[in-house]
Amino acid sequence: MNRIAVFPGSFDPITIGHESIIRRSLDLFDKVIVAIGVNSQKNNLFSVEQRKSWIEKIFENESKIEVDAYQGMTIDYCVKKNARYILRGLRTSADFEFERGIAQMNHAMIKEIETIFIVSNPEYSAINSTIVRDIIRNGGQAQQFVPKEIKIK
Ligand code: ADP
């Protein structure tokens, strides 16, 4: 059976926390689609093209990974891509409470789709794209929080 997972997120920018979850998921699935959710209401820092090209560069040697962008509901995108799994990372109990509701509602809408959670390694549990963006906007040093393929000026 072809086990396809979608890892949805903003990835604005991708962090070493995201990268770790993606790498740890590779043994579980035949294909992992890193899917950038495009939401025009969100106050993005980097363009979708920039975010996508960084992720492609980071995983250029991983044949199981595909990078894409989508609009609308994640479950609709999963159906379109034939993916039965949604992958999410859990850092804190707050993440869990938030994710639980989304996962339960998604499952109520489409029974065939399961959300799979990977608990972050402790060293990554404080890393958060929103804070990374704030550091970058304010001219601080964010390099240690992002994969080495991303060069932040
Ligand atoms: P969103 O835009 O929905 O907040 P993100 O792009 O920040 O999503 O993150 C996508 C997924 O990656 C989410 O499941 C989130 O919990 C997870 N994630 C983000 N940062 C980390 C981290 N440092 N360690 C583990 N998982 C993370």
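So, how was this worked out
Residues numbered from 1 in each chain as written. Predicted model: local features only at pLDDT ≥ 70, side-chain atom pairs only at ≥ 80, totals over all residues. Heavy atoms only, no water. Near = heavy atom within 4 Å. Polar contact = N/O pair within 3.5 Å; in protein donor to acceptor, adjacent residues only side chain to side chain. Areas by Shrake-Rupley, 256 points an atom, 1.4 Å probe, with all protein chains shown as cover. Nonpolar A, V, L, I, M, F, W, Y, C, P; charged D, E, K, R; others polar. Buried < 20%, exposed > 50% of the residue type's maximum accessible area, 1.4 Å probe, protein only. Helix = DSSP H or I, 4+ residues; strand = E, 2+ residues; numbered from the N terminus. Arc of directions from axis to C-beta. Contact = heavy atoms within 4.5 Å. Pairing = 2+ DSSP bridges. Right-handed = clockwise from strand over helix to strand, strands pointing away. Salt bridge = Lys/Arg side-chain N within 4 Å of Asp/Glu carboxyl O. Core = buried A, V, L, I, M, F, W, Y, C linked by side-chain atoms within 4.5 Å. Axes fitted to C-alpha atoms, helices over the stretch in contact; angles between N-to-C directions.

Draft legend 1. The arrangement of the site of the ligand in detail. The local shell around the ligand holds 17 residues, among which Ser10, His18, Gly89, Tyr124 and Ile127 are the closest. At 2.5 Å from an oxygen atom of the ligand is found a side-chain nitrogen or oxygen belonging to serine 10. Side-chain polar atom of histidine 18 to an oxygen atom of the ligand: 3.1 Å apart, as the coordinates give it. In the complex, the protein chains occlude 87% of the 550 Å² of accessible area that the ligand would expose alone. The residue inventory of the shell around the ligand, partitioned by class, reads six nonpolar, six polar and five charged.

Draft legend 2. Main features of helix 2 (residues 48-58). Along helix 2, the residues classified as buried are Val48, Arg51, Trp54, Ile55 and Ile58. Along the axis of helix 2, the buried positions cluster into a sector of 135°, meaning they face one direction only. Buried residues in helix 2 make contact with helix 1 (16-25), strand 2 (31-37) and strand 3 (65-70).

Draft legend 3. Local environment of the pairing of strand 3. As paired strands, strand 2 and strand 3 are joined by six bridges and run parallel to one another. Counterpart to valine 32 in the pairing with strand 3 is isoleucine 65. The handedness of the strand 2 to strand 3 crossover, carried by helix 2, is right-handed.

Draft legend 4. Representation of the pattern of salt bridges. One pass over the structure, following the stated rule, counts 14 salt bridges. As a salt-bridge pair, arginine 133 and aspartate 12 come within 3.9 Å of each other at their nearest N and O atoms. Within this pair, whereas arginine 133 is found in helix 5 (residues 129-137), its partner aspartate 12 is found in the loop between strand 1 (4-9) and helix 1, the two being separated by 121 residues in sequence. Judged by relative accessible area, aspartate 12 falls into the buried class, the value being 1%. Between glutamate 149 and lysine 148 there is a salt bridge; the shortest N-O distance is 3.1 Å. Taking relative accessible area as the criterion, lysine 148 reaches 60% and is therefore assigned exposed. Taken together, the salt bridges that share partners define one network made up of Lys31, Glu66, Asp68 and Lys81.

Draft legend 5. A look at the nonpolar core. One finds Phe7, Phe11, Ile14, Ile22, Ile55, Phe59 and Ile65 to be the most contacted residues of the largest nonpolar core, which totals 27 residues. Breaking this core down by element, the ones donating at least two residues are strand 1, helix 1, strand 2, helix 2, strand 3, strand 4 (85-90) and helix 5. The element that contributes the greatest number of residues to this core is helix 2, accounting for four residues. Beyond its immediate sequence surroundings of up to four residues, phenylalanine 7 is in contact with His18, Ile21, Ile22, Val32, Ile33, Val34, Ala35, Leu87, Arg88 and Gly89.

Draft legend 6. Structural context of the sheet that holds strand 5 (residues 114-119). Strand order across the open sheet formed by five strands is 3-2-1-4-5, with parallel pairing between neighbours. Either end of the sheet is taken by a strand with one partner, and the two such strands are strand 3 and strand 5. Geometrically, the sheet is characterised by an average inter-axis angle of 30° between neighbouring strands, direction not taken into account. Alignment of strand 1 against strand 2, held across six bridges, turns out to be parallel. Residue pairing in the sheet places glycine 9 in a bridge with isoleucine 36 of strand 2.

Scope: geometric values only; no functional claims are made or implied.
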